[in-house]
Structures are given as structure tokens and as C-alpha cells.
Amino acid sequence: MNDSSWGAPQGTGYRSTPEMGAAPAGPAYDVHGAQQTRPMPIVPDVPDAGRDADDRDDRNGDAARVSGPLFRDEMPQEPMSTPPPSPPHKKRAGRDLRAAIGVGVGLGALVAGSLFIVKAVFVGVVVLAVVVGLWELTSRLKERKDINVPLVPLAVGGAAMVVAGYVREAEGAWVAMALTALAVLVWRMTEPPEGYLKDVTAGVFAVFYVPFLATFVSMMLTADDGAWRVLTFLLLTVVSDTGAYAVGWRFGTHKLAPRISPGKTREGLLGAVGFAMVAGALCMEFLIDDGAWWQGLLMGLAVAASATLGDLGESMIKRDLGIKDMGTLLPGHGGIMDRLDSLLPSAPVVWLLLVLFVGSG
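Treat the numbers as computed from the prediction; the structure is a model and nothing was measured. (Residues numbered from 1 in each chain as written. Predicted model: local features only at pLDDT ≥ 70, side-chain atom pairs only at ≥ 80, totals over all residues. Heavy atoms only, no water.)

## Comments concerning a nonpolar patch on the surface
So, point 1. Together, Val-175, Leu-179, Leu-182, Leu-185, Val-186 and Val-204 make up an exposed nonpolar region whose accessible area comes to about 490 Å².
So, point 2. For Leu-185, the position within the fold is in helix H4 (residues 151-188). (Patch = residues over 30% accessible without salt bridge, like charges linked within 9 Å, V, L, I, M, F, W, Y side chains within 5 Å. Areas by Shrake-Rupley, 256 points an atom, 1.4 Å probe, with all protein chains shown as cover. Salt bridge = Lys/Arg side-chain N within 4 Å of Asp/Glu carboxyl O. Helix = DSSP H or I, 4+ residues; strand = E, 2+ residues; numbered from the N terminus.)

Here it is as C-alpha cells:
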């Protein structure tokens, strides 16, 4: 760095050059008039001599008010503290298990009480579940897809289908289903034609999906040991769901259908099959007249498959609608349809296998 970059400080021993009207003085120039190189004076780190005492005191006071080092290199080096280890991540269920268990026990008590005291009361419980399920389904279709399914003919026809299945069995159920579908078509004609096709298509789907499948439960009830048949159907479905949940939650690593239901695993499916087959063998051996344990194994396998497919089908519908649950009526479970998803497709499976194994009795 040359001197010119520092400017021309006062009191350094320089004099004016000859061109400026004066001769240089001292040893700054040699005999030929050439300028000699002089080293840069080292300025000691002391208060300026030109400042008076008050200025120095002010500066010292400012420095005293500044706390800490002035440069990053002067920062005291502190040992890096190791962050505490995070607690191990635990798998959590997606719902309130306490509420879910409480609601499940309450529903079980209601079903068992009505099933073994008065069969007609149990039929009323099935009708109530069907009507509420239809209300949830049509409400979500309206909210999410702007599909206007007429609820009145669905609810009335659905209740009639369940009662007809109990009174006239399969023949009555088929006739009631056809009349209900026709009523949906006619009822929708009272509104503007825009969207008629999608509305009636969704209505016919709802007729088949909820009340028609539920009629197989009332048809099981008509047998002499009808209450035990229905109990077997309920136990197998519930045990299948429980086995899938327990095994999948503890050991599940391989996704079963990630695009439809990311929470379901292949290990959970194996758990559903194993639990349902054991429960089926026990139920057929001890609850069903003329039943055999090997028949229960086959029935358990079939129920595990139908319950899983029903759960996946309901998940597909909810994904298409962009919702997590069909309703909020049952704390810890969602809505009625969220509990019927595996029961509905399993009802015709159990009814058919019981007829094949032990007759319609």
C-alpha cells in the first residue's frame, strides 16, 4: 500500500515541494531530488494525543457500555452441548381408543340385548342403522359432489327391504329392492332434469349398497337358531377387523393398497385371516346347530376377505369424496357407515355359507 492511499496526514515532517514554491527539507529527498521510500509509521493502540481528557473519557465510557468482544474471533469458545436424545417414536392409533372401546361396548350390548330378547326389536335396530347410513351417504354425496339423491324414497324403501327380508326372506327382499329403485327414479322426476342421470345412478347404487346387503342379516334371523347365526356373523366380522388392526399396528410394514387405504398392511390382512378362522371354527362348533369346525375355518377365511374388500370399497368412496369419515355420530368410530363398511358385504357371504353348510333351517 503506498502513501497516497492514506492521504496527507498533518505533522509528519513533509514540506512543500519546489513546484509548490518551497524546497523539501531533511532527509526526505536525496541529492538528486528523488523521493525516498519511508516506512508506514506504526500507530500505537493508545488514546489519541490530540484529544483532551473529556474526549478520552467519553470514548472510554462508550467502550465500557459495549459488552462482549468486538470481533467474531474474540468470542469465547464454549463447548458444544449435545442435544438430548428424542424419545422413541411410538405408533399411535388414528382415533380415540377409549371412546372407540366405550362406543363399541355400548353397541354390542344394544345388539345382544335386542337379538336374544325380541327378534323384532333387533330388526328395528337394523332398520335404524340403514336409515342413518343412507342419510350419511346422501349428505356426503350432496356436499362433496353435488349429487342430489332423494332420501325419502331411499329411507322408506330401505326400511321396507329389511322388514321384507325378515318376513318373506329372499323373495320379499328382491321385490322390495326393485320397488325402491323405481321409487327413486320417479321421485327425482319432480325436480329439474339437470343432473338426473347422475342422481338416479347414485340412488340405485345406494339402494344396493346399504339396505339390500343389510336384508341378509334379517334373513339370517328367520332360522330357528337365527340369533346365533347373526351373532356368528357379527363376531366373525368384528374379530376380523380386530385382528387386522392389532397385527397391522404391531407388525405391519408392507402396504396392502397404499393408493386406497395407506394404513392397511399385508400383515394386517394375515392377522384378519388368522383371527377370523379361529373364531369361525369355534362358532361353528359351539354356536351353530350341526356345524363343524372345518366349516368355520372356511367361513372365517371368506369373512376376512369380504370384510377387507368392504373396508377398501368404503375407503375408495371416501377418497373420491375427499373425506376421512362418513359422519361423526359415533365418537372414536366416525359415522354409522364407517362401522357398516365391513359388515354389509360380509352379510350375504355368511348367509350363503350357512345355507350351504347347515341349511336355511
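Let us keep going from here.
## What about H4?
So, point 1. Between its first and last C-alpha, H4 extends only 10 Å over 38 residues, short of the 56 Å set by a 1.5 Å rise per residue.
So, point 2. The sharpest bend along H4 measures roughly 145 degrees and falls at Arg-168. (Expected span 1.5 Å × (residues − 1). Bend = angle between axes of the 7 residues up to and from the residue.)

## A few points about the pattern of salt bridges
So, point 1. According to the stated counting rule, one finds nine salt bridges in the structure shown.
So, point 2. Across the pair Arg-168 and Glu-171 runs a salt bridge whose closest N-O atoms are separated by 3.3 Å. Here Glu-171 and Arg-168 lie together in helix H4, a separation of three residues that amounts to about one turn.
So, point 3. The salt bridge partner of Lys-318 is Asp-338, with a shortest N-O separation of 3.0 Å. Of the two residues, Lys-318 is situated in helix H8 (residues 293-321) and Asp-338 in helix H9 (residues 336-340); the sequence distance between them amounts to 20 residues. For the pair shown, Lys-318 and Asp-338 are each scored as buried.
So, point 4. It is possible to trace a salt-bridge network through shared partners that takes in Arg-188, Glu-191 and Asp-199. (Buried < 20%, exposed > 50% of the residue type's maximum accessible area, 1.4 Å probe, protein only.)

## Regarding the side chain of Glu-136
So, point 1. Within the secondary structure layout, Glu-136 lies in helix H3 (residues 119-145).
So, point 2. Comment: no salt bridge for buried Glu-136; closest opposite-charge side chain is Arg-140, at 6.0 Å.
So, point 3. Here Ile-336 takes part through its backbone nitrogen, which lies 2.9 Å from a polar atom of the side chain of Glu-136.
So, point 4. Excluding residues that lie within four positions of it along the chain, Glu-136 makes contacts with Met-326, Gly-327, Leu-329, Gly-335, Ile-336 and Met-337. (Lys, Arg positive; Asp, Glu negative; His and termini not counted. Polar contact = N/O pair within 3.5 Å; in protein donor to acceptor, adjacent residues only side chain to side chain. Contact = heavy atoms within 4.5 Å.)

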